[in-house]
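The residues making up each chain are set out below.
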Amino acid sequence: MQALRPHVYWAQRHGEIYLRVEISDAQSLSIGVEENILHFKGQGHGAKGENEYEFSLEFLKPVKPEVKHKSTQRQVNITVKKQEHVWWDRLTKQEKKPLFLAPDFDRWLDESDAEMELREKEEKMNKISIESRKVNTLFLGYSWIFVNMTVRLFILGQDSFYDTFHTIADVMYFCQMLAIMEVINPAVGLVKTGIMPAFIQVMGRNFILFVIFGTLADMQNKPVVFFVFYLWSMIEIFRYPFYMLVCIDTEWKLLTWLKYTIWIPLYPLGVLAEAVAVIQSIPIFDETKLLSIPVPKAIGTSLSFSFILQLYLVIMFLGLFINFRHLFKQRTRRFRTKKRKAN
């Protein structure tokens with residue numbers, strides 16, 4: 001994987017240089033000064049998504065080799081001390097500033113370290129408050145679905161398969177509508193994570209829920225609804241508690257392991273259940289002509305929606321491959337980092 005240059009902002013005092021590297025959830029950081037050149041290398045989510053980022057800066061005047069850095073959820077802050085307490089005209093020896101370097105971090109110039117830290121905490125808390133409310137609500141919703149379906153399964157046995165939709169659908173509708181925020185939040189920068197994996201999962205589920213189950217009364221009494229809803233909720237009752245702890249900078253190792261592991265059997269099973277639902281719906285759409293697309297008479301009367309569903313099956317398994325690879329990379333990176341820290 002080719003290393004990319006991140007966005008870097010800088011500011012100065014008479015005795016120090018401050019750099020802010022726009023990489024969130026940075027890992028495997030290597031930062032140091034050699035022969036008055038700062039070398040940075042790390043992996044995280046930056047302007048080009050999840051990647052390895054690196055850069056080198058030759059400072060305008062001599063600096064001390066000691067470098068302090070602090071990695072936060074949103075960025076990496078670097079402090080370098082000048083050899084002489086003087087004001088620099090520019091940061092590097094290059095008269096033309098590199099495109100990726102932006103000297104407009106003015107708020108740092110007039111703030112103390114304590115003020116900077118307080119402001120960062122306030123910004124972080126505002127974002128956490130919005131995200132945590134969504135996470136808490138979704139956890140409660142999916143927990144209710146999972147517990148309700150489990151209790152009904154023990155009491156009614158297989159009979160509970162046939163009225164799952166009428167019992168659970170309203171809460172599932174609410175949860176899946178709210179889950180759209182998982183696509184919107186990273187799109188507007190509230191959460192720094194990949195948009196495409198969330199888009200594939202959320203929109204794929206909503207297609208199954210609103211189009212396949214929601215529009216076809218004949219599908220709502222089929223046992224496949226139970227397995228789709230049960231697998232969805234089972235994944236989320238491990239995922240959302242993990243995010244709840246992340247919001248308060250806390251980790252429970254067992255929950256972390258479950259979050260990064262439980263998807264391995266459940267995610268493919270969930271997609272398989274969704275595929276079964278699509279396949280079962282195809283003859284119903286053919287028979288009812290529901291959602292069929294009118295076409296010119298020379299071609300035919302209409303284009304059956306079942307043709308679109310057949311294409312969707314191909315897209316569904318392509319999405320499974322993309323998300324499976326994304327989740328596997330996340331798991332590998334997470335536990336590789338933990339292993340390094342333990343050593």
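These numbers come from a predicted model, not from an experiment.

1. Quick word on the pairing of strand β4 (residues 37–46)
Each regular strand displays side chains that alternate between the two surfaces of the sheet.
No. 1: In terms of burial, β4 is a largely internal element, seven of the 10 residues being buried.
No. 2: Across seven bridges, the pairing between strand β3 (residues 24–34) and β4 is antiparallel. Across the sheet, Gln-27 pairs through a bridge with Gln-43, a residue of β4.
No. 3: In textbook terms, the turn of a hairpin is the stretch between consecutive antiparallel strands, and for β3 and β4 this stretch comprises two residues, one of which, Glu-35, has a positive phi near 50 degrees.
No. 4: Bridge analysis of β4 against strand β5 (residues 49–58) gives 10 bridges, and the strand direction is antiparallel. Counterpart to Gly-46 in the pairing with β5 is Gly-49.
No. 5: Hairpin geometry of β4 and β5 is characterised by an intervening segment of two residues between the two adjacent antiparallel strands.

2. Some remarks on the pattern of salt bridges
No. 1: Within the structure shown, the criterion is met by 10 salt bridges.
No. 2: Where Glu-52 meets Lys-41, a salt bridge forms, and the shortest distance between an N and an O atom there is 3.7 Å. Placement of the pair is Glu-52 in strand β5 and Lys-41 in strand β4, with a sequence separation of 11 residues.
No. 3: A relative accessible area of 21% means that Glu-52 is categorised as partly exposed.
No. 4: By relative accessible area, Lys-41 is classed as partly exposed at 37%.
No. 5: Put simply, Asp-163 and Arg-152 hold a salt bridge, and the shortest N to O gap is 2.5 Å. Here Arg-152 lies in helix α1 (residues 113–156) and Asp-163 lies in the loop between α1 and α2 (164–178), a separation of 11 residues in the sequence.
No. 6: Overlapping salt bridges, with partners in common, bring together Glu-182, Arg-205, Glu-236 and Arg-239 in one network.

3. Some remarks on empty space enclosed by the protein
No. 1: This model, assessed by the stated rule, comprises two cavities of 30 Å³ or more.
No. 2: Size it by volume and the largest cavity reaches roughly 40 Å³.
No. 3: Taken together, the elements giving at least two residues each to the lining of the largest cavity come down to α4 (195–215) and α5 (223–247).
No. 4: In the lining of the largest cavity, the residues fall into four nonpolar, two polar and four charged.
No. 5: Considering the residues around the second largest cavity, the lining is formed by Met-149, Arg-152, Ser-160, Thr-164, Thr-167, Ile-168 and Phe-226.
No. 6: Looking at the lining of the second largest cavity, the elements that each hand over two or more residues are α1 and α2.
No. 7: For the lining of the second largest cavity, the leading source of residues is α2, giving three residues.
No. 8: When the residues that make up the lining of the second largest cavity are grouped by side-chain class, the tally is three nonpolar, three polar and one charged.

4. Re the environment of Leu-140
No. 1: Inspection of the secondary structure puts Leu-140 in helix α1.
No. 2: Sequence separation between Leu-140 and Ile-237 is 97 residues, and the spatial gap between their C-alpha atoms is 8.6 Å.

Rules used in this analysis
- Residues numbered from 1 in each chain as written.
- Predicted model: local features only at pLDDT ≥ 70, side-chain atom pairs only at ≥ 80, totals over all residues.
- Heavy atoms only, no water.
- Buried < 20%, exposed > 50% of the residue type's maximum accessible area, 1.4 Å probe, protein only.
- Helix = DSSP H or I, 4+ residues; strand = E, 2+ residues; numbered from the N terminus.
- Pairing = 2+ DSSP bridges.
- Salt bridge = Lys/Arg side-chain N within 4 Å of Asp/Glu carboxyl O.
- 1 Å grid on protein atoms, 1.4 Å probe; cavity = no way out; pocket = protein on both sides within 12 Å on 5 of 7 lines; lining within 4 Å.
- Points joined across faces, edges and corners; volume = space filled by probe spheres on them.
- Nonpolar A, V, L, I, M, F, W, Y, C, P; charged D, E, K, R; others polar.

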